[in-house]
Amino acid sequence: MINLWKKDDLNLLSEYPKEVIENVDDVINILDENYGCNRKLTDDGGYVCIIEDIKEVENLKSNILKGLVEEFSDVIYEDEVNTYNSTLYLLSSDYSVTVISKNEETEYLLK
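What you see is a predicted model; the values in this text were computed from it and never measured. (Residues numbered from 1 in each chain as written. Predicted model: local features only at pLDDT ≥ 70, side-chain atom pairs only at ≥ 80, totals over all residues. Heavy atoms only, no water.)

This paragraph deals with helix H1 (residues 18–35). Every α-helical turn comprises 3.6 residues, leaving residues that sit three or four positions apart pointing alike. Over its 18 residues, H1 runs 25 Å from end to end, which matches the ideal 26 Å to within 8%, given 1.5 Å per residue. All buried positions along H1 are accounted for by Val-20, Asn-23, Val-24, Val-27, Ile-28, Leu-31 and Asp-32. After H1 finishes, the residue Gly-36 shows a positive phi value of roughly 95 degrees. (Helix = DSSP H or I, 4+ residues; strand = E, 2+ residues; numbered from the N terminus. Expected span 1.5 Å × (residues − 1). Buried < 20%, exposed > 50% of the residue type's maximum accessible area, 1.4 Å probe, protein only.)

In structure tokens:
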């Protein structure tokens, strides 16, 4: 699992499709504009979470999302092999987690 909340974190995504990186960049831009560029992971605003292994889904559901229902979900990249989804969860009025997941089985387990 990769947690990203600042622009410098984008270099961790060099192996991901351009569209996924652009989506994460857009989310970080929104968070920076509304909550400042010097945020920490636990500060108001939130972060982006990239699921890299299907085993991480249970940990995310039981420890962070704790029964929350998605606010919005969209396919951000699709090719012949992979589909990447971006799903927004609101943990409070000033804190959100955007989860980027790969392929249907991971997305299904998040629900």
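On we go.
Below, the discussion takes up the environment of Val-97. In this structure, Val-97 sits in strand S5 (residues 95–102). In sequence terms Val-97 and Gly-45 are 52 residues apart; their C-alpha atoms lie 8.7 Å from each other. Ignoring any residue separated from it by four or fewer positions in sequence, one finds Val-97 in contact with Tyr-47, Cys-49, Ile-64, Thr-87, Leu-88, Tyr-89 and Leu-91. (Contact = heavy atoms within 4.5 Å.)

Before going further, it helps to examine the sheet that holds strand S2 (residues 45–50). The sheet built from five strands is open, its strands ordered S1-S2-S5-S4-S3 with mixed pairing. On the outer flanks of this sheet lie strand S1 (2–4) and strand S3 (72–78), each paired with one strand and no other. Each strand of the sheet is rotated relative to its neighbour by a mean of 20 degrees, with strand direction disregarded. Summarising the sheet, S2 and S5 pair through six bridges and their orientation is parallel. Following the sheet pairing, Gly-45 is matched in S5 by Tyr-95. Sitting on the sheet, H1 is in contact with S1, S2, S3, strand S4 (83–92) and S5, with an inclination near 165 degrees to S2. Most of the contacts of helix H2 (residues 56–65) go to S2, to which it runs at about 165 degrees, and overall it touches S2, S4 and S5. (Pairing = 2+ DSSP bridges. Axes fitted to C-alpha atoms, helices over the stretch in contact; angles between N-to-C directions.)

Attention shifts here to the confidence of the model for the protein chain. For the protein chain, per-residue confidence averages 89 on the pLDDT scale, and 93% of positions sit at 70 or higher. In the model of the protein chain, helix H3 (residues 103–110) stands out as the element of lowest mean pLDDT, 60, in contrast to H1, which has the highest, 96. (pLDDT = per-residue confidence, 0-100.)

Before going further, it helps to spend a moment on the packing of aromatic side chains. By the definition in use, this model includes three aromatic pairs. Taking 6.0 Å as the distance between ring centres and 70 degrees as the angle between the ring planes, the aromatic pair formed by Tyr-16 and Tyr-84 counts as edge-to-face. With a gap of 68 residues between them, Tyr-16 in the loop between S1 and H1 and Tyr-84 in strand S4 connect regions that are remote in the sequence. By the burial criterion, Tyr-16 is buried, and Tyr-84 matches it. Ring geometry for Tyr-77 and Tyr-84: centres 6.0 Å apart, planes at 50 degrees, overall tilted. Cluster of aromatic residues (ring-pair linked, three or more members): Tyr-16, Tyr-77 and Tyr-84. (Phe/Tyr/Trp six-rings, centres within 6.5 Å; stacked < 30°, edge-to-face > 60°.)

So, on to the pattern of salt bridges. If the charged atoms of two oppositely charged side chains come close together, the side chains can form a pair. For the structure shown, the criterion picks out two salt bridges. The partner of Lys-7 in a salt bridge is Asp-25, and the shortest N-O contact between them spans 2.3 Å. Placement of Lys-7 in the loop between S1 and H1 and of Asp-25 in helix H1 is noted, with a sequence separation of 18 residues between them. Given the relative accessible area of 36%, Lys-7 is considered partly exposed. The partner of Asp-32 in a salt bridge is Arg-39, and the shortest N-O contact between them spans 2.9 Å. For the pair Asp-32 and Arg-39, one class covers both residues: buried. (Salt bridge = Lys/Arg side-chain N within 4 Å of Asp/Glu carboxyl O.)

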